[in-house]
Amino acid sequence: MDSEEFRQRGREMVDYIIEYMETLGERRVTPSIEPGYLRELIPKNAPNKGEKWKEIMSDVETKIMPGVAHWQHPRFHAYFPSGNSFPSILGDMLSDGIGAIGFSWAASPACTELETIVLDWLGQMIGLPQEFLSFSDGNSKGGGVMQSSASECVLVSLLAARAQKIKELKVVHPFTEDGVLLSKLVAYCSREAHSCVEKAAMIAFTKLRILEADEDLSLRGATLAKAIEEDRALGLVPFFVSATLGTTSCVSFDNLAEIGPVAKEAGAWLHVDAAYAGNAFICPEFKYLMEGIEYATSFNTNPNKWLLTNFDCSTMWVKDRFKLTQAMVVDPLYLQHSHSDKAIDYRHWGIPLSRRFRALKLWFVIRNYGVEGLQNYIRQHCRLAKRFELLVKADERFEVCNNVRMGLVCFRVKGEDQLNRKLLSKINASGKLHMVPACIHGRFVIRFCVCAQDAKDSDIEYAWKVISDFATELLDDESV
Ligand code: PLP
């Protein structure tokens, strides 16, 4: 493909994307195919000679689209939103065009510097304490970085905490093997934490104690304190606590103000995972949910969930970047440069060496929407969730199962789990709506998340009509 053809195909692709977005609502929200469907449609071997673009694109509509779950569909209410917007797509497009790999400042200075600045912007918008910002004063040790997922933010924090604690223990036990010290380390999270915490502990080969949350599905300080006391009595060493603001199943909030002092007293690294809900902290009315954030050692949120920015864009801040990088630094000659002492080298802040110019898309989004535009978007989702909650509450057959503070409503038909399982599977099979389940207090609930970037009241009304019609049909069948 030469430049002239790219110009034409690029324009066609923009048209295709716009057409896709504008007509999305006419498609089934999830595909109706079986595993392996694509094997039958695509040749077993790669083509020897290049093919015409038109043939390739025509296969997109006939072969690929039938297998796509449309996350941007107005009837998609599963998981959490998958961030998307035109300025973000343009940012990714430009990043791909530039094609730079910004692993160090020298490898592409703008990649690094824009990332640091945009993370400072977002950190201020969220209201993170000054120590998390890189410019807070001339000697700031803090700063932000983009990772590809919240799971990676949690893993990297846990690895840094592990390295930090082993270093501290080595001072007291200089002749003890690292492996022996490692066997004493214990991390903590609530049962409501995302499974990525368990995965991180598994990868890092550390113990993880999963604690019970309270009635509101919030991890409390006393629960953590008791667990730490018990573990210390067994000779274990607490090194990491992962608290969640906005849990995956029901957007509940751990009590940071209580957990913070306990983690501090125990000398443990406190990571705060706010993958979804952290984005809402750009609105002043939600900041109360961050009370206790001053105790955090690190914090993450995903603009690629709820800030109109395409995957991947997971933002993470630390108060002391040297504690993070001590666990990651390897420094071969071919990666060194003459500004290492003054500049940030993001290769030391995470696992991969190579990194895309992800800051561009977040910069475009923040500038194009402005803080107010982004706040309006978050508020619209929260308002619509409240609207949906009212509809559920007005129907005596149903109950709401979470404290609806953001864009997620968990609900169920009063009765057996089996009934709710059936209801959800019938709705999903219809292709009219898509939702996923969760388990709250041991019961099966249905999660309804406001996801579409321009979600409207009419989408909520439509969704409720589909749900209540299916419930009527199911309850009628059950009563026969
Ligand atoms: N943490 C929380 C609270 C989440 O809700 C999720 C995903 O929904 C994750 C972590 C994992 O996110 P990622 O897919 O970016 O690793």
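Here the structure is shown first, and the text comes after it.
Positions within a chain are numbered from 1, following the residues in the order the chain's sequence is written. Only residues with pLDDT of at least 70 are given local features in this predicted model, and only at 80 or more are side-chain atom pairs given and counted; all residues enter the totals for whole chains, interfaces and linings. Side-chain descriptors were evaluated using all non-hydrogen atoms of the structure, hydrogens and water having been removed beforehand.

Draft legend 1. Looking closely at the pattern of salt bridges. Every case where a carboxyl oxygen of Asp or Glu lies within 4 Å of a side-chain nitrogen of Lys or Arg is listed as a salt bridge. A complete count under the given rule lists 38 salt bridges for this structure. Aspartate 469 serves as the salt-bridge partner of lysine 465, at 2.7 Å between the closest nitrogen and oxygen. Here aspartate 469 and lysine 465 lie together in helix α14 (residues 457–479), a separation of four residues that amounts to about one turn. Exposure categories follow from relative accessible area, calculated using a 1.4 Å probe and restricted to protein chains: below 20% of the type maximum is buried, above 50% is exposed, and the middle band is partly exposed. Judged by relative accessible area, which is 38%, aspartate 469 ranks as partly exposed. One network of salt bridges, with partners in common, ties together Asp92, Asp96, Asp312, Arg356, Arg358 and Lys361. By the criteria applied, helices consist of DSSP H or I runs no shorter than four residues and strands consist of E runs no shorter than two, each listed in order from the N terminus.

Draft legend 2. Broad picture of the sheet that holds strand β10 (residues 436–440). Pairing in this open sheet of four strands is antiparallel, and the strands run β8-β9-β11-β10 from one edge to the other. Pairing within the sheet leaves two strands with one partner each, and these edge strands are β8 (398–400) and β10. When the angles between neighbouring strand axes are averaged without regard to direction, this sheet yields 40 degrees. Whether two strands pair depends on DSSP finding at least two bridges between them. Inspection of the sheet shows strand β9 (residues 408–413) paired to strand β11 (residues 443–449) by four bridges, in the antiparallel sense. Counterpart to leucine 408 in the pairing with β11 is cysteine 449. Here the axes come from fitting lines to C-alpha atoms, over the contacting stretch only for helices, and the angles between their N-to-C directions go from 0 to 180 degrees.

Draft legend 3. The environment of alanine 78, seen in detail. Assignment of secondary structure puts alanine 78 in the loop between α2 (53–64) and α3 (86–98). Separated by 373 residues in the primary sequence, alanine 78 and cysteine 451 have C-alpha atoms spaced 7.8 Å apart. In this structure alanine 78 touches His434, Met435, Val436, Arg447, Cys449 and Cys451, once residues within four positions along its chain are discounted. Any two residues having at least one pair of non-hydrogen atoms within 4.5 Å are treated as being in contact.

Draft legend 4. The packing of aromatic side chains, seen in detail. Stacked, tilted and edge-to-face are the three classes applied to pairs of Phe, Tyr and Trp rings, where Trp contributes its six-membered ring and a pair requires centres within 6.5 Å; stacked means planes under 30 degrees apart, edge-to-face means over 60, and tilted covers the rest. Evaluation of the coordinates by the stated rule reveals 14 aromatic pairs. Centroid distance phenylalanine 76 to tyrosine 79: 6.3 Å. Interplanar angle 35 degrees. Geometry classified as tilted. We classify tyrosine 79 as partly exposed; its relative accessible area is 39%. Taking the centre distance of 6.0 Å and the plane angle of 50 degrees together, the rings of phenylalanine 398 and phenylalanine 411 count as tilted.

Draft legend 5. Expanded view of the nonpolar core. Take the buried Ala, Val, Leu, Ile, Met, Phe, Trp, Tyr and Cys residues and link them wherever side-chain atoms come within 4.5 Å; each set so joined is a nonpolar core. If you look at the biggest cluster of nonpolar residues, it comprises 76 residues, and the most contacted ones within it are Ile126, Phe281, Ile282, Phe286, Phe299, Ile378 and Met406. When neighbours within four sequence positions are excluded, phenylalanine 281 is seen to be in contact with Met125, Ile126, Leu245, Phe253, Ala274, Phe286, Lys287, Leu289, Met290, Phe299 and Met406. In terms of nonpolar packing, the next biggest core, distinct from the first, is built from 33 residues, Ala204, Phe240, Trp269 and Trp349 among them.

Draft legend 6. Inspection of the pairing of β10 at higher detail. Side-chain alternation along β10 places Val436, Ala438 and Ile440 on a buried face and Pro437 and Cys439 on a face that remains uncovered. Sheet topology places β10 next to β11; five bridges connect them, and they run antiparallel. Looking across to β11, one finds that alanine 438 is bridged to valine 445. Taking the residues that link successive antiparallel strands as the turn, the β10-β11 hairpin has two residues, and the phi of histidine 441 there is positive, at about 50 degrees.

Draft legend 7. Main features of the site of the ligand. Inspection of the region around the ligand gives 13 residues, with Ala150, Ser151, Thr248, Asp273 and Asn302 positioned closest. We define a polar contact as two N or O atoms separated by no more than 3.5 Å, with the added condition that, inside protein, one atom must be a possible hydrogen donor and the other a possible acceptor, whereas residues neighbouring each other in sequence contribute only through side-chain atom pairs. Alanine 150 is positioned with one of its backbone polar atoms (N or O) 2.8 Å from an oxygen atom of the ligand. Isolated, the ligand exposes 400 Å² of accessible area, and the fraction of that covered by the protein chains is 85%. Three residue categories are used. Nonpolar comprises Ala, Val, Leu, Ile, Met, Phe, Trp, Tyr, Cys and Pro, charged comprises Asp, Glu, Lys and Arg, and polar comprises the others, including Gly. Counted by class, the shell around the ligand contains four nonpolar, seven polar and two charged residues. A molecule or strand has a residue near it when one of that residue's heavy atoms lies within 4 Å. Per-residue accessibility takes into account occlusion by the displayed protein chains alone, with areas from the Shrake-Rupley method and a 1.4 Å probe.

Draft legend 8. Representation of helix α4 (residues 109–126) within the structure. Expected helix span is taken as 1.5 Å per residue step, with the number of steps being one fewer than the number of residues. Compared with an ideal rise of 1.5 Å per residue, which puts 18 residues at 26 Å, α4 spans 26 Å between its outermost C-alpha atoms and is within 8% of the ideal. When we look at burial in α4, the residues that qualify are Cys111, Thr112, Leu114, Glu115, Thr116, Val118, Leu119, Asp120, Leu122, Gly123, Met125 and Ile126. Contact partners of the buried residues in α4: β1 (143–147), β6 (298–301), α10 (303–306), β7 (314–318) and α12 (359–393). Immediately downstream of α4, the backbone of glycine 127 shows phi near 95 degrees, a positive value.

Draft legend 9. Molecular detail of the packing of helix α5 (residues 150–172) against helix α7 (residues 195–204). One way to put it is that α5 packs onto α7 with a least axis distance of 9 Å and a crossing angle of 40 degrees. Of the possible angle classes, the one that applies to α5 and α7 is oblique. α5 and α7 meet at a crossing whose hand is right-handed. Two secondary-structure elements touch here, α5 through Ser151, Val154, Leu155, Leu158, Leu159 and Arg162 and α7 through Cys196, Val197, Ala200, Ala201, Ile203 and Ala204. Along the lines of polarity and charge, the residues of the contact of α5 with α7 split into 10 nonpolar, one polar and one charged. In these notes the angle categories are as follows: under 35 degrees is roughly parallel, over 145 is roughly antiparallel, 65 to 115 is roughly perpendicular, and the rest is oblique. Helix crossings are classified by the rotation of the near helix relative to the far one: an anticlockwise turn of less than a right angle makes the crossing left-handed, while a clockwise turn makes it right-handed.

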